[in-house]
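Report on the structure
Here's the letter readout for the chains.
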Amino acid sequence: MSEVMEAGTSGKRLLPWLVAVAFFMESLDTTILNTAVPAIAGALKVAPLSMKAVLSSYTLSLAVFIPISGWMADRFGTRRVFASAIGLFTLGSFLCGISSDIHVLVACRVLQGCGGAMMVPVGRLTMVRTFARSELIRAMSFVAIPALIGPMLGPIAGGLIVGYFHWRVIFFVNLPIGLAGLCLVYLHLPDYREKSAPLDTIGFILFGSGIALLSYVLEVFGEHTLSLREILGLLAVSILLLAGYGLHAAKTAFPLLSLSLFRIRTFRAAVNGSFFTRLGLGGIPFILPLLYQVGLGFTPIQSGLLMTPQAIAAMSLKLTMPKILARVGYRGVLISNTLILGLMIILFATIGVHTPVWLIVIQTFCFGFFTSLQYTSMNTLVYADVSEEETSSTSTIASTTQQMAISFGVATASLATAFFVPDRFHSSPPEMIRGIHQAFLVLGGLTIFSTLIFSDLQSGDGDNVSQHKVSHHTE
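Throughout, a residue's number is its position along its own chain's written sequence, starting from 1. Residues qualify for local features only when their pLDDT is at least 70, as the model is predicted, and side-chain atom pairs are given and counted only at 80 or more; totals for whole chains, interfaces and linings, by contrast, use all residues. In computing side-chain properties, one takes all heavy atoms of the structure into account and sets aside hydrogens as well as water.

Here's the deal with the environment of proline 322
Here proline 322 shows up in helix H16 (residues 321-328). Each residue's exposure class comes from its accessible area (1.4 Å probe, protein chains only) as a fraction of the maximum for that residue type: buried when under 20%, exposed when over 50%, partly exposed otherwise. Residue class for proline 322 comes out buried when judged on its relative accessible area of 11%. The spatial distance from the C-alpha of proline 322 to the C-alpha of glutamate 135 is 9.5 Å, given a sequence separation of 187 residues. When neighbours within four sequence positions are excluded, proline 322 is seen to be in contact with Ile137 and Arg138. Secondary structure is summarised from DSSP: a helix means a run of H or I of at least four residues, a strand means a run of E of at least two, and numbering begins at the N terminus for each. Whether two residues are in contact is decided by their heavy atoms, any of which lying within 4.5 Å being enough.

In structure tokens, the structure reads:
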């Protein structure tokens, strides 16, 4: 009780800021390297294609280590684990910045991913245990802002740093932020600790290796580094490992991820709906810059600036989102909003060489608002009907699913574009525009399809979080 009281004063005020900074560091790092790949490859004297390992190793590390974050928070306390996560991430950033060999750089990116894997779910778990459910939407809305703008600022920041400074600065920018975060964590972060079950080591090996292998298959799919037979073989092995985890989790007393949570309707709809929605949404930050630069001939900086209205909308309209949820409820918001998002992605297929910039800005701004509303709704609904003891496992499953869906979304967008472009290595701008337009139709259709999952919700679901009933009775 004393820790909740402590969290109710200075710690409660600063907690969203602490978690938001950690989210920003983690999300920025997923995209900031993309524009710097040629410069880093030249400095390390390797082919640019070899740099894919540097990009994918971070994502793989996140996917593998997120599942044990909840157990670690329960076992060692949220403050110690969150501080260790920031410390690992900061140390990994420093080591990446001084690396002079690609293999060392890949290993340091794995270390960075270990820290990032702990930061997001443990930060989210601390928020859930600190704020009452009626306050959770507003707090999580604030924390979600940096997670939205980080991937959008990444390409611009990477391009500017390489253009005006040195590629190593990309990693060094995390150092002062990480050190400041460490001090604030020890001073203000509430320390929650639960009685922890034994670590499910077999489950961790089965699930971690299955997810890592599946991520790797998606990374190399569509390239000529592996034959189709080899890719299908690896895919079959990854499915067998994940199926083996499912059988193991059903029999063991303390599974790594409690799949029994999927019996809860709100949890099932939020996690499954989030996964399929992000398959469509996750690829947009990847192919929109491709449309702007390769198709329409904009510079990387101009392309980056055209992405900023999405971030501005997400930030400026966050305060209205709790009111929308309170008035409409989760079922109404998620069904209608997912449909709108799908149609807006399809609408991106109308952007061509004659489209005025002001119209692109308006489309991107609207897309940013509805995307932010979607993420806030899905991220808070997942906790609506779970008990206090289940919040750790809930946070872990939600974070793992989110990370995998974003990776799969980029892969889906890439594959869809490559399928419709006749020759992606020597295609003309009109052919590239046509191919990306077709990809938008596929991604929009995927997003619209996910409304079927949210239709499983009932009108009163999540009212204890959104205060929908309270709002209704007071009108």
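Structural notes on helix H14 (residues 284-295)
In an α-helix, one full turn covers 3.6 residues, which means residues spaced three or four apart are oriented alike. Burial in H14 covers these residues: Ile284, Ile287, Leu288, Pro289, Leu291, Tyr292 and Gly295. One or two residues past the end of H14 sits glycine 297, with phi positive at roughly 85°.

Focus on the confidence of the model for the chain
Any residue range with low pLDDT should be treated as having predicted coordinates unsuitable for detailed reading. The pLDDT value tells you how sure the predictor is about a given residue, anywhere from 0 up to 100. Taken residue by residue, the chain gives an average pLDDT of 78. The fraction at 70 or more is 85%. Within the chain, the element-level pLDDT minimum falls on helix H1 (residues 2-7), averaging 41, and the maximum on helix H17 (residues 330-347), averaging 90. Scored below 50 in pLDDT, residues 1-8 shows 10 contacts in the model against residues more than four places distant or in partner chains. Across residues 470-475, confidence stays below pLDDT 50; counting only partners more than four residues off in sequence or on other chains, it has 3 contacts.

Here we look at the side chain of asparagine 174
Mapped onto the fold, asparagine 174 is located in helix H10 (residues 174-188). Residues in contact with asparagine 174, not counting those within four places in the same chain, are Met25, Asp29, Phe89, Thr90, Ser93 and Gln112.

Here's the deal with empty space enclosed by the protein
Buried and open spaces are told apart on a 1 Å grid over the protein atoms alone, a cavity being a set of points where a 1.4 Å probe fits but cannot get out and a pocket being an open set with protein on both sides within 12 Å along at least five of seven lines. Residues with an atom within 4 Å of a point are the lining residues. Grid points are joined across faces, edges and corners, and a volume is the space filled by probe spheres set on the points. In this structure the tally under the stated criterion is 1 cavity of 30 Å³ or more. Reported here for the largest cavity is a volume of approximately 100 Å³. Surrounding the largest cavity, Arg124, Ala270, Val271, Ser274, Arg278, Met378, Asn379, Val382, Tyr383, Ala398, Thr401 and Gln402 form its lining. Looking at the lining of the largest cavity, the elements that each hand over two or more residues are helix H13 (265-281), helix H18 (357-381) and helix H19 (391-420). A total of 4 residues in the lining of the largest cavity trace back to one element, the largest contributor, which is H13. Classes in brief: Ala, Val, Leu, Ile, Met, Phe, Trp, Tyr, Cys and Pro nonpolar; Asp, Glu, Lys and Arg charged; the others, Gly included, polar. The residue makeup of the lining of the largest cavity, split by class, is 6 nonpolar, 4 polar and 2 charged.

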